[in-house]
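Summary of structural features
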Amino acid sequence: NHKQIHVFVVADGMGGVQGGKVASEMAVELLASKIKAILSLSEDILRTLILDIHKQIYNRSLSDSNLSGMGTTLVGLAFDGAKVYFFNVGDSRLYLVRDSQIRQLTSDHTVVNELLSSGAITQDQARNHPVSHMLTRSLGASAELVVDCFEMTDKPGLGDQFILCSDGLHGMLDKQALLDLR
């Protein structure tokens, strides 16, 4: 939270209880401190901040054997005046609820989502797939990372709601159940 910049995030750690906790806490704390140091946002600025956080988490996992392999998902929504940005790495999600309709704004970075996108499996097969939680991207888990970051072209309107959640929620409830919860 910095003057007109407001950021909301969910980080879901992985790599054992200790590693996941450290990675997710680092992601949130580093993002908060970096946001305080900037005056305005853009897709490139957000992407650069997140990549820097990723490198810090990755380097920490290399320097402490107890944290080896740690990582975290990250999904967020950032408001900078009239501009709204969203970003994600991993399988934590952002949904937009508008006019009693729910729409997922982010794409899951998972093996199953890649199989689904390529047509190799169906939606029904994806639901209970044995590798449903295997991530293809996360902060800190590998040297390289691609961050999805977009400015919302469809600006929020009165009554819009956003849901940020980890797979712990969206894995248990489908979109209709999430919509019914609000």
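Above this text is the structure in question.
Throughout what follows, the structure given in this document is the object of discussion. Because the structure is a prediction, the values reported are computed rather than measured.

With respect to the side chain of Thr73
Within the secondary structure, Thr73 sits in the loop between β3 (71-72) and β4 (74-80). A relative accessible area of 2% places Thr73 in the buried class. In terms of polar contacts, Thr73 uses its side chain to reach the side chain of Ser92, at 2.7 Å. Setting aside anything within four residues of it in sequence, one finds Thr73 in contact with Val10, Ala11, Asp12, Val89, Gly90, Asp91, Ser92 and Leu135.

With respect to the nonpolar core
Residues Ile35, Leu41, Leu46, Ile57, Phe87 and Leu139 are the most contacted members of the largest nonpolar core, which totals 26 residues. Listing elements by their share of this core, those giving two or more residues are α1 (16-36), α2 (43-63), β4 and β5 (83-89). When residues of this core are assigned to their parent elements, the largest contribution, 7 residues, is made by α1. Sequence-distant contacts of Leu139, defined by excluding residues within four places in its chain, comprise Ala27, Ile50, Ile53, His54, Ile57, Met70, Gly71, Thr72, Leu74, Val89 and Leu145. Counting 8 residues, the second-largest nonpolar core is a separate cluster that includes Leu77, Phe86, Leu94 and Leu105.

Points about the layout of surface pockets
By volume, the largest pocket is sized at about 650 Å³. Lining the largest pocket are 23 residues; nearest its centre among them are Arg93, Asp108, Gln123, Arg127 and His170. Of all the secondary structure elements, the ones that give two or more residues to the lining of the largest pocket are β6 (93-98), α3 (111-118), α4 (123-127) and α5 (167-170). Of the residues that constitute the lining of the largest pocket, the class distribution is 6 nonpolar, 10 polar and 7 charged.

Structural notes on the state of the cysteines
Overall, the coordinates contain 0 disulfides when judged by the stated rule. Left without a disulfide partner, Cys149 is nearest to the cysteine sulfur of Cys165, which lies 19 Å away. Using a relative accessible area of 0% as the deciding quantity, one classes Cys149 as buried. Judged by its relative accessible area of 4%, Cys165 falls in the buried class.

Here is what the cut-offs are and how they apply
- Residues numbered from 1 in each chain as written.
- Predicted model: local features only at pLDDT ≥ 70, side-chain atom pairs only at ≥ 80, totals over all residues.
- Heavy atoms only, no water.
- Helix = DSSP H or I, 4+ residues; strand = E, 2+ residues; numbered from the N terminus.
- Buried < 20%, exposed > 50% of the residue type's maximum accessible area, 1.4 Å probe, protein only.
- Polar contact = N/O pair within 3.5 Å; in protein donor to acceptor, adjacent residues only side chain to side chain.
- Contact = heavy atoms within 4.5 Å.
- Core = buried A, V, L, I, M, F, W, Y, C linked by side-chain atoms within 4.5 Å.
- 1 Å grid on protein atoms, 1.4 Å probe; cavity = no way out; pocket = protein on both sides within 12 Å on 5 of 7 lines; lining within 4 Å.
- Points joined across faces, edges and corners; volume = space filled by probe spheres on them.
- Nonpolar A, V, L, I, M, F, W, Y, C, P; charged D, E, K, R; others polar.
- Disulfide = S-S within 2.5 Å.

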